[in-house]
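# Architecture at a glance
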Protein chains: 4
Amino acid sequence: MNDIETTWLERPDALNDPVLIEGLPGVGNVGKLAADHLISELDAEKVAVIHSKHFPPQVLMHEDGTVRLVNNEVYVWRNPDGGSDLVILIGDYQGLTAQGQYELAHGLLDIMDELDISQFYTLGGYGTGQILEDVRVLGAATETALVEKMEKHGVEFSQDEPGGGIVGASGLLLGLGKARGLQGICLMGETSGYLVDPRSARALLEILDALFTLDLDFSDLETRAEQMDKLTQQLRDLEQHAEGPTEDELQYIG
Amino acid sequence: MNDIETTWLERPDALNDPVLIEGLPGVGNVGKLAADHLISELDAEKVAVIHSKHFPPQVLMHEDGTVRLVNNEVYVWRNPDGGSDLVILIGDYQGLTAQGQYELAHGLLDIMDELDISQFYTLGGYGTGQILEDVRVLGAATETALVEKMEKHGVEFSQDEPGGGIVGASGLLLGLGKARGLQGICLMGETSGYLVDPRSARALLEILDALFTLDLDFSDLETRAEQMDKLTQQLRDLEQHAEGPTEDELQYIG
Amino acid sequence: MNDIETTWLERPDALNDPVLIEGLPGVGNVGKLAADHLISELDAEKVAVIHSKHFPPQVLMHEDGTVRLVNNEVYVWRNPDGGSDLVILIGDYQGLTAQGQYELAHGLLDIMDELDISQFYTLGGYGTGQILEDVRVLGAATETALVEKMEKHGVEFSQDEPGGGIVGASGLLLGLGKARGLQGICLMGETSGYLVDPRSARALLEILDALFTLDLDFSDLETRAEQMDKLTQQLRDLEQHAEGPTEDELQYIG
Amino acid sequence: MNDIETTWLERPDALNDPVLIEGLPGVGNVGKLAADHLISELDAEKVAVIHSKHFPPQVLMHEDGTVRLVNNEVYVWRNPDGGSDLVILIGDYQGLTAQGQYELAHGLLDIMDELDISQFYTLGGYGTGQILEDVRVLGAATETALVEKMEKHGVEFSQDEPGGGIVGASGLLLGLGKARGLQGICLMGETSGYLVDPRSARALLEILDALFTLDLDFSDLETRAEQMDKLTQQLRDLEQHAEGPTEDELQYIG
């Protein structure tokens, strides 16, 4: 077995000006929520499955009692209006080790090469440690022209945010993609970091919606966001009465 | 030295419709207890020993003062009644790292390939955190036909149990075996997770007993289960008087 | 991708009696501060960038919103007065694992070989756990002639300091460089280990300044040292009033 | 760089019935103390140095201010009386990871192969958690004939001691050596596990002394043992007055 194995269900050919969008698990699961919603709303088609020794040795249960190995998956949405086709990467996990992260990022860049993709967006959350009313979207990019383009869409760029840079797949794809001459943008939705955050995911998707004229329906995300609002309120009420759940407990809610 | 070394004491040939049964250490040691009991009751023959750099650097003591390297072992039981021959995998450890788990699982699937085995059962425990009176057996499988077959034997399948999927060899063999076109079933006996649990192991074996008409004697397991019952009662008594042992301490009892 | 990738922006040729100076992050960031200051004061030129799977999967933000992958960098300063040219290694990180440290050290020794460098200085901090008024510079070397040479510059050598030897790149380069017949000296500035320590960095640079007649300006480092003095004083005041910040918190100040 | 590099200072030829003795750091540093004392008393000659990426990235200080990379070392003592020549392995560290332990053990078995060594003794401590008056020596071996031989020298063999088997180089060499057809014996001196234990080391050496008629002088070890006795007594006195040092602190004494 190779360290990374990509199985193509259908090798997509002749993609039109394709753009990759990556949304793997991370802070507030913002990137994953956004990419999952995108696939569901666009009814994108699964074309490849990626397995790796760098993921945990784990299977997940299907509804029918069968299992599937944890993985990353590649979906394709062919734009009916002649705009960019979207290739979307989602997954159960990022690589477990630093070395695994590097190898998986290179594996994904190889797939982009194979599909003639030269532009990509990586989606993630930016943990502020506070539950916020308004969600800013922070950005990072491989070149200044992309920074200027995204600023017009309300994305904020700052050397001090995120202060420690970007750790994980979203950042690494930019760093390694830049060296390969690709154009990459990282969009990070502000989030407390304690709870799965559908509203932060929506903030990212609104930008992609505008960029690619996707006309997305956000009602599912909004319903989920309202559920999280209620939960947040309950937690705040609890805090006023007692010590409340610890941060550790909060991380498993949602 | 290769990462995994399989030494054949005797290469079994012409196995009749062979089925592999895996029982490695894990939650409540349920799988290992069951497989050990199976080997002992069927008087199965050891045919191979597996060593690996993915196991701890450790030897265990024999009664006579000599040692053996920690390992996994393969046993064969030839069914005298013309039914399926059983190939049983037991061991001291699972792989220490995620990558080691993947490599060992592939190594075992290679052995199954070599012995023309296309069906397998993996045995494990499902930790509930509570000491239960009745033991359910939960299942997972590589295909729905197997789910239906096992439901007839009282195995329960649910997307929500185990909630986080199955971690370790029992799950991984299903995930990787499915990709190789093998038929695999994982049986998980409910157990508190605090104590070695012979009764949970028995619940798994009763299903295998019915499936393969093994006519197993469970008296040894029952004796051990009763010893654990007494220990459990003593622990409960202690809890009522004092704070009792911590969960950490409980994990080393039995 | 190789485990270590060195990208030459400009391969420096015909260096005059070149000496390498290594200053990577470590205790009190002393080595990194010193090497950064050296590059800035000498206006040295960046000639190579080193990326590796042994670094964290992380990018850092530029001021303009673009990112760069964490790395190590090689700078060259050509001595206008006919003395030794300096090759300076700085970086964001050392290798994350023991094995990564060994591979990166060998990679750097290969670069030294390529540039015909046979002498080098490694810079680091020696954590004393106390905030000190006077900073000693401790040393270690690949051969006794170098010990004698450095003692004349006030460097102290002792078998008992550092007691546990030298861990990380600064020590490893000496150990591995010695086996390749190179002449290496490690300079360690005393530091509390709690705070970034510009004064300890200055103590190291004063020795290099004397050795290579660099005529360095220390005003920037001094300003920063005074800021740290104020911070230290504030922390002392705090300690007298309350329990003060924990050591963990202090490690992130500066 | 290979994962393990053995540098021969002098390749010993024509050894007479050679026996290897391994004494690396471990519980109570018993094995290392014993092997160090053996080398010093026999005035054995250093013939090889082993470096490895599996050791920490660390150098140690010499008295003269120079450094050496942490390593393992091989010494040879040629028996003037026609008995077995001894090849002694000592070192600063064992391998840091399970995989490193396996690779280093194979490396050492390769050296034994090269030097035509078919018998070996591994030395270690057996931590009892208690400070004992009398020191038993526990044993393990690759074959029963060796068990019987050692029992005549007062070595005790028991399946229950050490209960968890033997972890690390001393055990692994037995396990892997047995598979290569070598004759190996592990000797473990009882020790509290809290303090460096020269008296436990002496107990091991007395057995080797009798086996190989070495006529060792134990006065150095005895002096050191008496120092440790005093320290132990001081610690006991402290315990009666106050809470005393924690086990963690004790581990760094000696």
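Owing to the predicted nature of the structure, the values given are computational and were not obtained by experimental measurement.

### Focus on the overall build of chain A
Looking only at helices and strands, one finds seven helices and eleven strands in chain A. Here the C-alpha atoms of chain A give a radius of gyration of 18 Å, agreeing with the 18 Å that 2.2 N^0.38 yields for 254 residues. In terms of overall dimensions, chain A has a C-alpha envelope of 60 × 45 × 35 Å along the principal axes. Within the span of chain A, comprising 254 residues, buried residues form 48% of the whole. The contacts of chain A with a sequence gap of at least 6 include a subset with a gap of at least 24, amounting to 74%.

### A word on the relation of the copies chain D and chain C
Rotating chain D by 90° about the axis while translating it 0.0 Å along that axis superimposes it on chain C, leaving an RMSD of 0.0 Å. Within this description, the copies of the chain are treated as partners about a four-fold rotation axis. Nearest to the rotation axis, the C-alpha of threonine 97 of chain D is located 7.7 Å from it, this being the minimum over chain D.

### Structural notes on the interface of chain B and chain A
Contacts between the two partners involve 23 residues from chain B, matched on the other side by 17 residues from chain A. Of all elements in the fold, only α2 (98-114), β9 (137-141), α3 (144-151), β10 (166-167) and α4 (169-179) of chain B reach the threshold of two or more residues within the side of chain B that touches chain A. Each residue belonging to the side of chain B that touches chain A can be placed in one class, and the counts come to eleven nonpolar, eleven polar and one charged. In terms of strand pairing, strand β4 (residues 58-61) of chain A meets β10 of chain B through two bridges, oriented antiparallel. Counted as the bridge partner of glutamine 58 of chain A is valine 167 of chain B from β10 of chain B.

### Some words on the interface of chain D and chain C
Listed as interface residues are 17 residues of chain D and, on the opposing side, 23 residues of chain C. At the level of secondary structure, the elements contributing two or more residues to the side of chain D that touches chain C comprise β4 (58-61) and β5 (67-69) of chain D. For the side of chain D that touches chain C, the element with the most residues is β4 of chain D, which contributes four residues. Class assignment of the residues belonging to the side of chain D that touches chain C gives a composition of nine nonpolar, four polar and four charged.

### Let's talk about unusual backbone geometry
A cis geometry characterises the amide bond from glutamate 161 of chain C onward to proline 162 of chain C, with omega recorded as -10°. Backbone geometry places alanine 14 of chain A, a non-glycine residue, at a positive phi of 50°. Non-glycine residue asparagine 29 of chain D carries a positive phi angle of around 50°. Its location among the elements puts asparagine 29 of chain D in the loop between β2 (19-23) and α1 (30-42).

### Considerations on the sheet that holds strand β7 (residues 86-91) of chain D
Residues and elements named next belong to chain D. Here we have eight strands laid out as an open sheet, ordered β1-β3-β6-β7-β2-β8-β11-β9, and mixed in their pairing. The sheet is open, and its two borders are formed by β1 (4-8) and β9 (137-141), each paired with just one other strand. Going across the sheet, the axis of each strand differs from the next one's by a mean of 20°, ignoring polarity. Pairing of strand β8 (residues 119-127) with strand β11 (residues 183-191) involves nine bridges; the strand directions are parallel. Within the sheet, the bridge partner assigned to threonine 122 lies in β11 and is cysteine 186. Running at roughly 130° to β8, α1 makes contact with β2, β6 (72-77), β7, β8 and β11 of the sheet. Lying over the sheet, helix α4 (residues 169-179) contacts β2, β8, β9 and β11, oriented at roughly 145° with respect to β8.

### Here's the deal with the pairing of strand β9 (residues 137-141) of chain A
Residue and element names in this part refer to chain A. The element β9 is largely enclosed, with a buried count of five among its five residues. Here β9 shows no split at all, with Val137, Gly139 and Ala141 on one side and Leu138 and Ala140 on the other all buried. Looking at chain direction, β9 and strand β11 (residues 183-191) are connected through five bridges and run antiparallel. Along β11, the bridge assignment pairs glycine 139 with leucine 187.

### Considerations on the sheet that holds β10 of chain B
The sheet built from three strands is open, its strands ordered β5(A)-β4(A)-β10(B) with antiparallel pairing. Edge positions in the open sheet fall to β5 (67-69) of chain A together with β10 of chain B, since each of these has one partner strand only. As defined by bridge partners, β4 of chain A adjoins β5 of chain A across three bridges and the pair is classed as antiparallel. Across the sheet, methionine 61 of chain A pairs through a bridge with valine 67 of chain A, a residue of β5 of chain A.

### A word on the nonpolar core
The nonpolar side chains of a soluble globular protein tend to be buried with one another. Membership of the largest hydrophobic core comes to 75 residues, with the highest contact counts inside it found for Ile21, Ala34, Ile88, Ala105, Met112, Leu187 and Leu204 of chain B. A per-element tally of this core places α2 of chain B first, with eight residues.

### A closer look at the packing of helix α2 (residues 98-114) of chain D against α4 of chain D
Residues and elements named next belong to chain D. Relative orientation of the contacting elements α2 and α4 amounts to 60°, with a least axis distance of 10 Å. Overall, the two elements α2 and α4 adopt an arrangement that is oblique. Crossing of α2 over α4 shows right-handed handedness. Here Gln101, Tyr102, Ala105, His106, Leu108 and Leu109 of α2 come into contact with α4, specifically with Ala169, Leu172, Leu173, Leu176 and Gly177. Within the contact of α2 with α4, the residues separate by chemical class into eight nonpolar, three polar and no charged.

### So, the pairing of strand β2 (residues 19-23) of chain B
Taken residue by residue, a regular strand's side chains alternate between the two faces of the sheet. Residue and element names in this part refer to chain B. Counting buried positions along β2 yields five of five residues, so the element is predominantly enclosed. In β2, alternate side chains face the same way, and those of Val19, Ile21 and Gly23 on one face and Leu20 and Glu22 on the other are all buried. Sheet topology note: the β2/strand β8 (residues 119-127) ladder contains four bridges and is parallel. By the bridge assignment for β8, glutamate 22 is matched with threonine 122.

### Thoughts on the packing of α1 of chain D against helix α5 (residues 198-212) of chain D
Residue and element names in this part refer to chain D. Where α1 meets α5, the axes come as close as 8 Å, and the angle between the chain directions of the two elements is 60°. Here α1 lies oblique to α5, going by the angle between them. α5 is crossed by α1, and the crossing has right-handed handedness. Together, Val30, Leu33, Ala34, His37 and Leu38 of α1 and Pro198, Ser200, Ala201, Leu204 and Leu205 of α5 make up the contact between the two elements. When grouped by side-chain class, the residues that make up the contact of α1 with α5 number eight nonpolar, two polar and no charged.

Calculation notes
- Residues numbered from 1 in each chain as written.
- Chains lettered and ligands numbered in written order.
- Predicted model: local features only at pLDDT ≥ 70, side-chain atom pairs only at ≥ 80, totals over all residues.
- Helix = DSSP H or I, 4+ residues; strand = E, 2+ residues; numbered from the N terminus.
- Rg over C-alpha atoms; globule rule 2.2 N^0.38 Å.
- Buried ≥ 20, exposed ≤ 12 C-beta atoms within 10 Å, placed from the backbone.
- Contact = placed C-beta atoms within 7 Å.
- Least-squares fit on C-alpha atoms with pLDDT ≥ 70 in both.
- Nonpolar A, V, L, I, M, F, W, Y, C, P; charged D, E, K, R; others polar.
- Pairing = 2+ DSSP bridges.
- Axes fitted to C-alpha atoms, helices over the stretch in contact; angles between N-to-C directions.
- Core = buried A, V, L, I, M, F, W, Y, C linked by C-beta atoms within 7 Å.
- Parallel < 35°, antiparallel > 145°, perpendicular 65-115°, else oblique.
- Left-handed = near helix turned anticlockwise from the far one by under 90°.

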